[in-house]
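The chain contents come next:
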Amino acid sequence: MVAAALPAALAACGKKAPLGSPCRVDDDCASGLACHREQCLHEASARRLREEEQRASGEGSARKVGDRVEVEWKGAYKPAIITGVVAPGSYRVHFEGYDAQWDEVVTEARIKGGARPGPGPRALVPASSGSP
């Protein structure tokens, strides 16, 4: 019971969870760590485990960092770039033309169709203020 409350307690005091701690998303973990199967691991280890699970599940067409997608936001689709893979079918995205404060984790359910063709991540320019 105490371990389950750790991420909330750390977040309340502004600290991130250390290696091996329970977590829900990458943002729960300290710098250099990522959340995988509700545990903070080294980023490289979490990435390798995610890739292995993806290969094992047969998801050859999985989305990847740099893919350009359209994400549903309040009934409309907004262009975005995948900036991280949180878990199979769950991605951190950056909405094009908006500040990083609007970045969020989305699932396949909010992504329209397949990844749009195009170059990888572009250099980000100062975005307009306001919501996506």
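Residues numbered from 1 in each chain as written. Predicted model: local features only at pLDDT ≥ 70, side-chain atom pairs only at ≥ 80, totals over all residues. Heavy atoms only, no water.

Q: Sorry if this is basic, but what is going on with the overall build of the protein chain here?
A: Looking only at helices and strands, the protein chain has 2 helices and 7 strands in total. Counting helices and strands in the order they occur from the N terminus, the protein chain gives α-β-β-α-β-β-β-β-β. Within the protein chain, contacts between residues at least 6 apart in sequence are counted, and of these 29% link residues at least 24 apart. When the accessible area of the protein chain is evaluated, it comes to approximately 8,000 Å², of which 56% is carbon and sulfur surface. (Helix = DSSP H or I, 4+ residues; strand = E, 2+ residues; numbered from the N terminus. Contact = heavy atoms within 4.5 Å. Areas by Shrake-Rupley, 256 points an atom, 1.4 Å probe, with all protein chains shown as cover.)

Q: I tried to follow unusual backbone geometry on my own but got confused; where do I start?
A: Backbone phi values are negative for most residues with the exception of glycine, while trans is the configuration of most peptide bonds. Despite not being glycine, Glu38 shows a phi value in the positive range, around 65°. With respect to the element layout, Glu38 can be found in the loop between strand 1 (33–36) and strand 2 (39–42). The phi torsion at Lys74 lies on the positive side, around 50°, for a residue other than glycine. Examined against the element boundaries, Lys74 turns out to sit in the loop between strand 3 (68–73) and strand 4 (76–87).

Q: Would you mind going over the state of the cysteines with me for this structure?
A: Disulfides are covalent bonds that connect the sulfur atoms of two cysteines. Throughout the structure, instances matching the rule amount to 2 disulfides. A sulfur-sulfur distance of 2.1 Å marks the disulfide that ties Cys23 to Cys35. Handedness here is read from the sign of the S-S torsion; for Cys23 and Cys35, about 95°, the answer is right-handed. Here Cys35 lies in strand 1 and Cys23 lies in the loop between helix 1 (2–12) and strand 1, a separation of 12 residues in the sequence. Paired through a disulfide, Cys29 and Cys40 show a sulfur-sulfur distance of 2.2 Å. (Disulfide = S-S within 2.5 Å.)

Q: What is the right way to look at the environment of Pro88 in this model?
A: Tracing the backbone shows Pro88 in the loop between strand 4 and strand 5 (90–95). The spacing of Pro88 and Thr107 is 19 residues in sequence and 8.9 Å in space, taken between C-alpha atoms.

Q: What's the story with the pairing of strand 3 in this structure? I'm lost.
A: Two faces belong to every sheet, and in a regular strand the side chains alternate between them. Direction of pairing for strand 3 relative to strand 4: antiparallel, over a ladder of 6 bridges. The partner of Val69 across the bridge, within strand 4, is Ala80. The antiparallel pairing of strand 3 with strand 4 creates a hairpin that spans 2 residues between the two strands, and Lys74 there sits at a positive phi of about 50°. (Pairing = 2+ DSSP bridges.)

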